[in-house]
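A look at the structure
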Amino acid sequence: MHEIKVPLGERSYPVLVGAGARHRLLEVLPIGATRAAIVTQASIPVTVDAGIEQQVFYLDEGEEAKELASVEALCRDFAVWGLRRTDVVVAVGGGVVTDVAGFAAAVYHRGVAVVHVSTTLLGQVDAAIGGKTAVNLPEGKNLVGAFWQPSAVLCDTETLSTLPPRDYRSGLGEMAKYAFLGVRNLPDLAIEDAVAACVAAKVDFVSGDERESGRRALLNYGHTLAHALETVDRYDLHHGEAVAIGLIYAAHLARRLGRIDDDWVAEHYRIVGGYGLPERLPEGVDPDELVRVMGRDKKATHGLTFVLDGPAGLEVVSGVSQDLVRATLNDLAG
Ligand code: GLY
């Protein structure tokens, strides 16, 4: 079992990664908690035993559950059950569950402890780590939320075998990103070691920049195009698949700007292709629409902003011209 500490002063916490990590729940519960509100979705085939009085609360299925109404419903159910500020919420699931349960924990009684038991690859290498919680509004994704660090995260790699193959592969898209954030030999590692290496890399970014005023933004490598593809929402892409295309795109863009060479572009193809992830834009994309969506940033009149690789490593690069952004989309046309 790997144990990675997230060093955030009094908000520090451990992340346990390995087969059977969910069975360590009792030992990571906050001292004094007498009740555990387990938040999950009915489709998640993972159960936990908190070792104290517990009750299971179900969110609706899918991304639709990531809405403010779910947070209100959960908090009302917690109140009816009698959850107190000194008790604990335990989120069991992927990013939807940890985001909604984490946000409910952040606001219930002005903040109650939460432990994340992350059951998806995407969640284990990203969503469950670092304390970002959020729900969507009709106006956009993740627009309402809070930074609320969990008191522990359990990444049980046994639960990954319960994932539909496409969800697992989607997680590999988020994992591929870490190959460019300093994690070496990622494809050669056993899954437990690969997850732990990604967690350690993420922890390094989060602990130096908890609220994303700087370096943490580099975790969004590949995400500018990915978010645009997801926002357009016509392409049947899972998040990690969109990130995979976004990584290839970011490599081409950096190449056109003279920031990286052909070998480094080829390395992006090697990593993304090695995981069996898509490398090309889906059929029928409208480049102008993607440029418009990527440019919805207030800085767009002076060009677009991307995380790009370069001689000094990953950097946030602003002022990339719309023409170059559009031309690079053609490099990836399906
Ligand atoms: N998903 C990026 C972050 O947690 O900062």
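Everything below is about the structure printed above this text.
My aim in this report is to walk through the structure given alongside it, one point at a time.

Thresholds applied
Residues numbered from 1 in each chain as written. Predicted model: local features only at pLDDT ≥ 70, side-chain atom pairs only at ≥ 80, totals over all residues. Heavy atoms only, no water. Helix = DSSP H or I, 4+ residues; strand = E, 2+ residues; numbered from the N terminus. Buried < 20%, exposed > 50% of the residue type's maximum accessible area, 1.4 Å probe, protein only. Patch = residues over 30% accessible without salt bridge, like charges linked within 9 Å, V, L, I, M, F, W, Y side chains within 5 Å. Areas by Shrake-Rupley, 256 points an atom, 1.4 Å probe, with all protein chains shown as cover. Salt bridge = Lys/Arg side-chain N within 4 Å of Asp/Glu carboxyl O. Lys, Arg positive; Asp, Glu negative; His and termini not counted. Charge placed at Lys NZ, Arg CZ, Asp CG, Glu CD. Expected span 1.5 Å × (residues − 1). Contact = heavy atoms within 4.5 Å. Near = heavy atom within 4 Å. Polar contact = N/O pair within 3.5 Å; in protein donor to acceptor, adjacent residues only side chain to side chain. Nonpolar A, V, L, I, M, F, W, Y, C, P; charged D, E, K, R; others polar. Pairing = 2+ DSSP bridges. Axes fitted to C-alpha atoms, helices over the stretch in contact; angles between N-to-C directions. Phe/Tyr/Trp six-rings, centres within 6.5 Å; stacked < 30°, edge-to-face > 60°. Lys NZ or Arg CZ within 6 Å of the ring centre and 35° of its normal.

1. Some points on unusual backbone geometry
Although it is not a glycine, His-109 sits at a positive phi angle of roughly 50°. Tracing the chain through its elements places His-109 in the loop between helix H3 (95-107) and strand S6 (113-118). By relative accessible area, which is 40% here, His-109 ends up partly exposed. Of note, the phi angle at Asn-142 is positive, near 55°, even though the residue is not glycine. Tracing the backbone shows Asn-142 in strand S8 (residues 140-147). Its relative accessible area of 42% is what places Asn-142 among the partly exposed residues.

2. Some remarks on a negative patch on the surface
There is a patch of like negative charges on the surface, built from Asp-60, Glu-61, Glu-64 and Glu-67. Structurally, Asp-60 is set in the loop between strand S4 (53-59) and helix H2 (68-81).

3. Remarks on H2
It helps to recall that an α-helix has 3.6 residues per turn; residues three or four apart then point in one direction. A rise of 1.5 Å per residue sets the reference length of H2, with its 14 residues, at 20 Å; its end C-alpha atoms lie 20 Å apart and thus fit the reference within 8%. In the core, the buried residues of H2 are packed alongside strand S3 (35-41), S4, strand S5 (88-93), H3 and strand S7 (132-137). Positive backbone phi, approximately 95°, marks Gly-82, located one or two places after H2.

4. Observations regarding the site of the ligand
With respect to spatial proximity, the complete set of residues near the ligand consists of Asp-126, Lys-132, Lys-202, Glu-212, Arg-216 and Leu-219. With respect to the ligand, the side chain of Lys-132 contributes an N or O atom lying 3.0 Å from an oxygen atom. For the ligand, an oxygen atom lies 2.6 Å from a polar atom in the side chain of Arg-216. A breakdown of the residues in the shell around the ligand according to their chemical character gives one nonpolar, no polar and five charged.

5. Some words on the side chain of Asp-99
Within the element layout of this structure, Asp-99 appears in helix H3. Take Asp-99: its relative accessible area is 9%, and that puts it in the buried class. Aside from chain neighbours lying at most four places away, what touches Asp-99 is Lys-66, Lys-132, Thr-133, Ala-134 and Asn-142.

6. Re the sheet that holds strand S2 (residues 13-18)
Pairing is mixed across the open sheet formed by seven strands, whose spatial order is S1-S2-S9-S6-S5-S3-S4. Looking at which strands have only one partner, the edges of the open sheet turn out to be strand S1 (2-6) and S4. Across the sheet, the mean angle separating the axes of adjacent strands is 20° when strand polarity is ignored. In this sheet, S4 lies alongside S3 in parallel orientation, the contact comprising seven bridges.

7. Some details on the packing of aromatic side chains
In this structure the tally under the stated criterion is six aromatic pairs. Seen from their ring centres, Phe-180 and Trp-264 are 5.7 Å apart, and the 85° between their planes marks the pair as edge-to-face. With Phe-180 in the loop between helix H5 (165-178) and helix H6 (191-208) and Trp-264 in helix H9 (residues 262-274), the pair connects residues that are 84 residues apart, well separated along the chain. A residue is classified by how much of its surface remains accessible, and Phe-180, at 7% relative accessible area, is buried. Residue class for Trp-264 comes out partly exposed when judged on its relative accessible area of 31%. Over the face of the ring belonging to Trp-81 we find Arg-35, whose NZ or CZ atom lies 4.5 Å from the ring centre. Sitting over the face of the ring of Phe-205, Arg-215 holds its NZ or CZ atom 4.2 Å from the ring centroid.

8. Re the environment of Val-96
Note that Val-96 resides in helix H3. Given the relative accessible area of 15%, Val-96 is considered buried. Sequence separation between Val-96 and Gly-140 is 44 residues, and the spatial gap between their C-alpha atoms is 15 Å.

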